Amino acid sequence: MGYAMEIALFAHLLSVAVWVGGMVFAHFCLRPGLADLAPQLRLPLWESVFGSFFNWIGGAVIVILVSGGFMLMEFGGANAAWQLNTMAALGSVMMLIYGHIRFAVFPRIRRAVQSQSWPEGAQAVNTVRRLVVVNLVLGVVTIGVAVLARGY
Ligand code: HEM
């Protein structure tokens with residue numbers, strides 16, 4: 001198989017770094033930095049930031065799914081170690097949450113900014129914030145399960 005597993009793990013971890021690191025930056029650095037701005041400035045900024053951030057995450061999700069799926073098959077699929085199946089399960093939940101943010105909540109921010117409905121926009125950004133916290137916690141737990149429960 002050559003270097004296929006190493007390359008898959010490399011791509012997997014790079015994408016995990018982009019996803020989880022991006023959430024840390026957005027939540028702990030960008031959000032407090034923008035908090036004092038008026039909604040008329042803050043919400044269009046979030047719309048623009050999310051517009052590109054969610055595309056990066058969409059790419060990362062595809063790479064994580066393909067590389068993780070490939071490695072999981074090599075480790076025996078459903079018969080692989082429980083840590084790997086737990087990672088796949090938690091990863092799938094994270095991806096569903098991402099999909100909800102991207103395809104249900106983000107369009108609400110877009111519409112609110114277009115129609116200058118700032119309270120609706122602020123509410124939708126707040127929903128994204130809460131879901132990102134959930135995904136951040138799940139991401140850290142997933143990395144913890146993957147690495148701390150290796151058992152050697
Ligand atoms: C459908 C989703 C996923 C599948 C099927 C999957 C599967 C795998 C597999 C098979 C490995 C290789 C383990 C090894 O080399 O021993 C791996 C490594 C790893 N994955 Fe995932 N993964 C998924 C999602 C995630 C997510 C969402 C995260 C983090 C947020 C993550 C974090 C890691 C880490 C840190 C490693 C390196 C651990 C190690 O090599 O022991 N994975 N993954």
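Cut-offs and rules
- Residues numbered from 1 in each chain as written.
- Predicted model: local features only at pLDDT ≥ 70, side-chain atom pairs only at ≥ 80, totals over all residues.
- Heavy atoms only, no water.
- Donors = N, O, S within 2.8 Å, 3.2 Å for Na, K, Ca; no water.
- Tetrahedral: all angles 85-135°; square planar, octahedral: opposite > 155°, others 65-115°.
- Helix = DSSP H or I, 4+ residues; strand = E, 2+ residues; numbered from the N terminus.
- Buried < 20%, exposed > 50% of the residue type's maximum accessible area, 1.4 Å probe, protein only.
- 1 Å grid on protein atoms, 1.4 Å probe; cavity = no way out; pocket = protein on both sides within 12 Å on 5 of 7 lines; lining within 4 Å.
- Points joined across faces, edges and corners; volume = space filled by probe spheres on them.
- Nonpolar A, V, L, I, M, F, W, Y, C, P; charged D, E, K, R; others polar.
- Axes fitted to C-alpha atoms, helices over the stretch in contact; angles between N-to-C directions.
- Parallel < 35°, antiparallel > 145°, perpendicular 65-115°, else oblique.
- Left-handed = near helix turned anticlockwise from the far one by under 90°.

The name recorded for the protein in an unreviewed UniProt entry is Copper resistance protein D domain-containing protein, from Paraburkholderia dinghuensis.

Details of the coordination of the iron atom of the ligand
Coordination sphere of the iron atom of the ligand, protein contribution only: His 12 (NE2) and Met 87 (SD), at 1.9 to 2.1 Å. Here the iron atom of the ligand binds six donor atoms, and the angle range of 86 to 179 degrees at the metal identifies the geometry as octahedral. In this pair, His 12 sits in helix H1 (residues 4-34) while Met 87 sits in helix H3 (residues 82-114), placing the two residues 75 residues apart along the sequence. The exposure class of His 12 is buried, given its relative accessible area of 7%.

As for the layout of surface pockets
Its volume calculated, the largest pocket comes out at about 930 Å³. Taken together, 32 residues make up the lining of the largest pocket; nearest its centre are His 12, Met 71, Leu 84, Met 87 and Ala 146. Elements with a minimum of two residues in the lining of the largest pocket: H1, helix H2 (39-74), H3 and helix H4 (118-148). Grouping the constituent residues of the lining of the largest pocket by class yields 22 nonpolar, eight polar and two charged. Size it by volume and the second largest pocket reaches roughly 250 Å³. What lines the second largest pocket is a set of 14 residues, and nearest its centre among them are Arg 31, Trp 46, Val 125, Asn 126 and Arg 129. At the level of secondary structure, the elements contributing two or more residues to the lining of the second largest pocket comprise H1, H2 and H4. Looking at the lining of the second largest pocket element by element, the count peaks at six residues for H4.

Examining the packing of H1 against H2
Packing of H1 against H2 leaves a shortest axis separation of 8 Å and a crossing angle of 155 degrees. By the angle between their axes, H1 is roughly antiparallel relative to H2. In this structure, H1 meets H2 at a crossing whose hand is left-handed. Residues of the contact of H1 with H2, tallied by class, amount to 24 nonpolar, five polar and three charged.

Examining the environment of Val 141
Residue position: Val 141 is located in helix H4. With a relative accessible area of 40%, Val 141 lands in the partly exposed category. Separated by 51 residues in the primary sequence, Val 141 and Leu 90 place their C-alpha atoms 8.5 Å from one another.

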